[in-house]
Amino acid sequence: MSAHWSAWLLAATVGLPLAMLLACIWRRIRERMLPLLAVAPVPALAAALVAADAPPFVLGQGRVRLTLALDFPGSILLGVAALLWIVAGAYASTYMRGMPNRGRFAACWLMAAAGCLGAFVAADMVGLYLLLALLTLGACGMVMHEETPQAWRSSAVYLGLALAGEALLLLGMVMLAHATPGGSLLIRDASAVLPSLPQRDVILALLVVGLGLKAGLVPLHVWMPLAHAAAPAPASAVLSGAVVKVGLIALGRFLPFEAALPEWGLALTAAGLFAAFYGVAIGVTQAHPKAVLAYSTVSQMGLIVAVLGMGLSAKETDAPLAAAYYASHHVLVKGALFLAVGVYAATGARHAWPILVPVTVLALSLGGLPLTGGALAKYAVKGPLGEGLAGVLANVSAAGTTLLMLHFVHRLRRSAPGEPGATAPVGLLLPWALIAAACIAVPWGMYLSVPGGTVANPLAPKALWAALRPVLAGAAIAFALDRWGGGRLPRVPQGDIAVAIDAAVRVAPKWGGRLERADEVLRQWPAASLALLVLVIAFGAAMWAR
Amino acid sequence: MTDAATLFGLLAAALVGIGLYALIVDPQPLRKIVAFNVVGNGVFVLFGAIAHRGAGSGWGGDPVPQALLITGLVVAFSASALAIALLLRLHDVAGSATLATDAPAPVSPDGNAADA
Amino acid sequence: MTTTPGGLLLVLAVLVPFVGVLAAFALGGRNAQRVAMGTMLAGLGIAIAVAAAVARSGDALVYLLGGWGVPLGIALRADGLAVVMILAVAVVIVGIGAYARADFGTPPGVREARAPLVFWTLLLAIWGSLNLVFVSGDLFTLYVALELLTFAAVPLVSLDGRAETLRAALRYLLYALLGSILYLLGTVLLYGVYGTLDIALLAARVQPEPATLAAAALMTAGLLAKTALFPLHLWLPPAHAGAPPAASAVLSGLVIKGSWFLVVRLWFDVFPDVVTAPSAQLLAGLGAAAILVGNVVALRQARLKLMVAYSTVAQIGYLFLMFPLALDPASARLEGGGALAGGMMHAVSHATAKAAMFMAAGVIYAALGHDRIAGLAGIGRVLPVSVLAFTLGGVSLIGLPPSGGFLAKWLLLAAAVATGQWWWAAVMLVGGLLTAGYVFLVLARALASGAEAPALRAPIPRSQEAVALALALGSMLLGLVAFTGVHLLGIGR
């Protein structure tokens, strides 16, 4: 085991939430755990600041070892994710106060936190799988917390799809582990050997589908609007903000960026850009503000996957870093917007504007409003996206994002506010203000701290105008839709393609009934003993054929 | 010597076949127990034939299968005894002895199974 | 082959439980339970000693009964496979004994009660028979051990004396006898061809002749009937669901593994050159059908114990998936290795997890007076430990890390990838999803907080819940043996 102190920080990233989770076994501690939730991600934040590219933390001897390590893109995402978990934890302790089952919620929260933060630092495949499984269980528990019929349905869809994705991911990992020389289970080694394998395409397909399910790539996104809308506000914030990024960072680590894979790059880029527009198209038909935000996440995840895809086809090893920078901005903004939904619901109409103005700024920053972190993020991914069709489409998608975000603000305003004259409690306002400020401060801070990055570039009039154009276009379309489109948009159910799952669930009992009747027939004595004799003959024949 | 072994071998095969047929087809448990014994006896006759065929010169039969055969007879006997004891007890408790698979327990409208 | 130092431990491993049986029966009454407790501790110690001896010597333990050499004498032999099973069985039996103390204690004021006396006596008999199955070195001793196992297990099914459990027990007995007589027929044929029944000697002499093929087919099918592999599973659901919970735990967790171990022994040690790829695919095909049908029917059950019994039907399928994966394509014979390790790990992890699940189901039944799944709403608040034990056992069966089920799944998937048989990989993954279906169904019902908490019919001894949780935790943490780097399985092979 490495004795370097930064390695111990990495261990504490997973260790502290896990230890708090184990303490939740005792009911008295569990009931009081809620205020302590904000403490659990602190080692993760510290690790993100100091442990990037540090020696890894290794547990165990023999062939199977648990390894925790942090690369630079991972450290960016870990830092903002830890910040979001801390802020959302503080928010949750006020939001959930007095609600039933808060002990259970705290336990699920800690499970999800351990899994999410741990997955950012997991460097070997088995550890990653373990943490993903933990994350799925915790997130599912949070989604079903309110126990409404919608929450049950959402958590069932989420759990089913997540387990299916993990099953495919497991198969891909086993195939990779089998082919890696020396039996190493490190993701880094597997990714290095991947381009030269004969089953490369199968493995890549399994990894993309499995991790794409986690990241919400269309058409594997159907669980996201259901889950993120059904969960309580702080849970939605971390789910949409931090949890989906786990799939992204894992994808960024598995994909072999040193080898040029043009077909896969093209496929990922196409899928990502399709998702970017699809999320906007379905999102504007949604009425619930949380559902709109969820579809915006679908759209943004698509864009980030497109960045990774362009990097894969152009052999750009910088693509994961650009994607991580873009994703980190999205972590903060989406978290802040989900928390704002809860704050708005507790605020009276008179005090609504001090909430709505920052919300609008944050929402527009997602579309790339100049001088915000969003503009910096879009500027950063211009490089990998290039000047061709992908770059143009990405610019257009910025307009779509602006449209969607204005739709969100519109739906938020229309949603029921709190009692007139009420203000949200400090326990909700303070964390929200903190993360809202971080949305501007952190991207600028990261940009300014990178040596060689000049401030002049993003502030040049040409760059400002290029960033402003899509925002104005999106605002114009939003205005037009509001004026003349009105109620003419189709009603798309939350979770769009998920209705296919509902249809399958309706058909399944019929087949289950048939199997059960077949089983009953086989369990009659004459059938079973005849089957025994038939098997004797069958085995004899099978052994005869050599 | 070969003729006797072959004859008894065919007899054993016939016994096993008859026993298996009755075991599969006849619904009464007592007949199944008797059929199991017939199959068992067929296997033991086969064992005896093999003992006869594998005998060394001057000996009537290979002693190892005879020892195993006796053990098998004891095992079959205790198996039949256990089966008949269960059958008698079933008859006492249920009034009739049949192996028919239980019909699924009737469920009344409020969801209570009859044998809860 | 000569007796190795430490070989006497093998005799003790078989003899101590049977001495316990005789003493329990002779002393009767309350002493039966005391004798059983003492025997269990002694047996656990012997199991650990056997494992230590094998690990230290690095070779199999052998004991020649009476000092007579094979083929005239009988040899007891414990290689890595046997040692792993002996240890696992000992641990689970001790757990079941601790659980059953509350259910099968003789009531005060009564000198002797039928059910407790029978239970303790037969529990020890099952243990002794299982040990004999694991250490026997020749096929006829294995037949005797198999029959002992069946005779000891059948009365446990009908312990409560109701008509339907008696019927289930009779059906079990007759079907198991059908299986074992086919096994005996195969043994007779093998003796007729090769003149010996010792496993090591047979392995050297066996050739793919028609009589050997017939013997292999008969023995395999007969053992499959005793293991209740689909479609020969007719006796298992009513038997395991109707037995008392401690008995169900033994039957589902351990008794099944006895006849399965015999299939492993036969295919890997006696017939590695005789079995062909089609026969191994047929065996795994039956296993895949078991996984599919067992899991789907389990999802549709209304009663918890029947659901767990059908889950056993499905998990038995996993045990047989390993055979084509162990078939080395180059040499066309069964080689031990990753697939064998995966199968053994699955057997051990299933034994502990299923015992825990039946124990938890038994606690719930005793507490509520019924085990209808629809009526379990809110049970998580009054019986949290049992629900946790049930969930952890189920999670191990689904195959989430760090459970033994995950390690088994990883090893089997690796073998499937290595031999290019990706269809068995798909079967395993689908099976995991279906298992997740019914485990989370029960968990969601138990954690639902809408209805008010159900009232407990009877006070539940904390020790019962604790044992269930301990076994479930054991199953969940079994995957961590991969970190230790201990290799018991390959010794003596």
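The numbers attached to residues start from 1 for each chain and follow its sequence in the written order. Just so you know, chain letters begin at A and ligand numbers begin at 1, following the order they were written in. Confidence filtering applies because this is a predicted model: local features only for residues at pLDDT of at least 70, side-chain atom pairs given and counted only at 80 or more, and all residues used for totals across whole chains, interfaces and linings. As a convention, hydrogens and water are excluded, and side-chain values are obtained from all of the structure's heavy atoms.

A look at the overall build of chain B
Part 1 of the argument: In this text, helices come from DSSP runs of H or I with a minimum length of four residues, and strands from runs of E with a minimum of two, each type numbered from the N-terminal end. Summing up its helical and strand segments, chain B has 3 helices and 0 strands in all.
Part 2 of the argument: Secondary structure of chain B in N-to-C order comes out as α-α-α.
Part 3 of the argument: Any residue under 20% of the maximum accessible area for its type is buried, any over 50% is exposed, and the rest in between are partly exposed; the area is computed with a 1.4 Å probe on protein chains only. By residue count, 34% of the 116 residues in chain B fall in the buried class.
Part 4 of the argument: Contacts: residue pairs with any heavy atoms within 4.5 Å of one another. Relative to all contacts within chain B whose residues are 6 or more apart in sequence, the contacts with residues 24 or more apart total 52%.
Part 5 of the argument: Note on areas: Shrake-Rupley, 1.4 Å probe, and residue coverage restricted to the protein chains presented here. Roughly 6400 Å² of accessible area belongs to chain B as shown, and the carbon and sulfur atoms make up 70% of that amount.

Quick notes on the interface of chain B and chain A
Part 1 of the argument: The partner chain A presents 7 residues to the 6 residues of chain B that form the contact.
Part 2 of the argument: In the sections that follow, a salt bridge refers to a side-chain nitrogen of Lys or Arg positioned within 4 Å of a carboxyl oxygen of Asp or Glu. At the surface where chain B touches chain A, the tally comes to 0 salt bridges.
Part 3 of the argument: The dominant element in the side of chain B that touches chain A, judged by the number of residues it contributes, is helix α1 (residues 2-25) of chain B, at 3 residues.
Part 4 of the argument: Any residue that is not Ala, Val, Leu, Ile, Met, Phe, Trp, Tyr, Cys, Pro, Asp, Glu, Lys or Arg is counted as polar, Gly included; the first ten are nonpolar and the last four charged. For the side of chain B that touches chain A, the per-class residue count stands at 4 nonpolar, 1 polar and 1 charged.

Description of the packing of aromatic side chains
Part 1 of the argument: Pairing of aromatic rings covers Phe, Tyr and Trp, the last counted by its six-membered ring, and requires centre-to-centre distances within 6.5 Å; plane angles under 30 degrees mean stacked, over 60 mean edge-to-face, and any other angle means tilted. Considering all chains together, one arrives at 22 aromatic pairs over all chains under this definition.
Part 2 of the argument: Here Y158(A) and W223(A) contribute two aromatic rings whose centre-to-centre distance is 5.0 Å and whose plane-to-plane angle is 45°, an arrangement assigned as tilted. Of the two residues, Y158(A) is situated in helix α7 (residues 149-179) and W223(A) in helix α10 (residues 223-230); the sequence distance between them amounts to 65 residues. Judged on exposure class, the residue Y158(A) and its partner W223(A) are both buried.
Part 3 of the argument: A centroid spacing of 4.2 Å and a plane angle of 5° characterise the contact between F104(C) and F119(C), whose relative ring orientation is stacked. With F104(C) in the loop between α3 (80-103) and α4 (114-135) and F119(C) in helix α4, this pair connects stretches of sequence that are 15 residues apart.
Part 4 of the argument: Through pairs of rings, three or more aromatic residues link up here, namely F539(A), W267(C), F268(C), F320(C) and F323(C).
Part 5 of the argument: We count a charge as sitting over a ring when the NZ of a lysine or the CZ of an arginine lies within 6 Å of the ring centre and within 35 degrees of the ring normal. In this structure, R514(A) packs its charged tip against the face of W511(A), placed 4.5 Å from the ring centre.

Brief notes about the interface of chain A and chain C
Part 1 of the argument: Counting residues at the interface gives 53 residues for chain A and 61 residues for chain C.
Part 2 of the argument: For any pair of parts, buried area is found by adding up, for both, the accessible area (1.4 Å probe) each one loses once the two are put together. Summing both partners gives a buried area of about 4900 Å² for chain A against chain C, and 80% of it is carried by carbon and sulfur.
Part 3 of the argument: There are 1 salt bridge connecting chain A and chain C.
Part 4 of the argument: R300(C) serves as the salt-bridge partner of E516(A), at 2.5 Å between the closest nitrogen and oxygen.
Part 5 of the argument: As used in this structure description, the phrase polar contact means that two N or O atoms lie within 3.5 Å; if the pair is within protein, one of them must be able to donate a hydrogen and the other to accept it, and residues adjacent in sequence are counted only when both atoms belong to side chains. The interface formed by chain A and chain C includes 8 residue pairs in polar contact (both at pLDDT 80 or more).
Part 6 of the argument: If you list the elements that add at least two residues to the side of chain A that touches chain C, you get α6 (125-143), α7, α21 (498-522) and α22 (525-544) of chain A.
Part 7 of the argument: Residue contributions to the side of chain A that touches chain C peak at 14 residues, all from α7(A).
Part 8 of the argument: For the side of chain A that touches chain C, the per-class residue count stands at 35 nonpolar, 10 polar and 8 charged.

A word on unusual backbone geometry
Part 1 of the argument: In this structure, the amide linkage connecting F230(C) to the following residue, P231(C), adopts the cis form with an omega of 0°.
Part 2 of the argument: Geometrically, the link from P401(C) to P402(C) is a cis peptide bond, its omega value of -5° lying close to zero.
Part 3 of the argument: Looking at the secondary structure, you find P402(C) in the loop between α15 (384-398) and α16 (404-419).
Part 4 of the argument: Despite not being glycine, N101(A) has its phi angle at roughly 60°, a positive value.
Part 5 of the argument: Tracing the chain through its elements places N101(A) in the loop between α4 (72-95) and α5 (102-121).
Part 6 of the argument: Overall, the relative accessible area of 26% leaves N101(A) in the partly exposed class.

Points about α4(C)
Part 1 of the argument: The span one expects for a helix is its residue count, reduced by one, times 1.5 Å. Spanning 22 residues, α4(C) covers 32 Å between terminal C-alpha atoms, matching the ideal 32 Å at 1.5 Å per step.
Part 2 of the argument: When you tally the buried positions in α4(C), you get 19 out of 22 residues, the bulk of the element.

A word on the environment of I33(B)
Part 1 of the argument: The residue I33(B) is located in helix α2 (residues 29-53) in this model.
Part 2 of the argument: Between the C-alpha atoms of I33(B) and A81(B), which are 48 residues apart in sequence, the distance is 9.6 Å.
Part 3 of the argument: With sequence-adjacent residues up to four places away left out, I33(B) is seen in contact with S80(B), A83(B), I84(B), L87(B) and L174(C).

As for the pattern of salt bridges
Part 1 of the argument: Scanning the model with the defined rule gives 15 salt bridges over all chains in all.
Part 2 of the argument: For R162(C), the salt bridge identified is with D160(C), shortest N-O distance 3.0 Å.
Part 3 of the argument: The partly exposed category is assigned to R162(C), whose relative accessible area is 34%.
Part 4 of the argument: Each of the salt bridges in this network shares a partner with another, and the network as a whole consists of R200(A), D201(A) and E263(A).

Regarding the confidence of the model for chain C
Part 1 of the argument: Of the residues in chain C, 99% reach a pLDDT of 70 or more, and the chain-wide mean stands at 91.
Part 2 of the argument: Across the predicted assembly, pTM comes out at 0.90 and ipTM at 0.91. pLDDT is a residue-level measure of predictor confidence that goes from 0 to 100.

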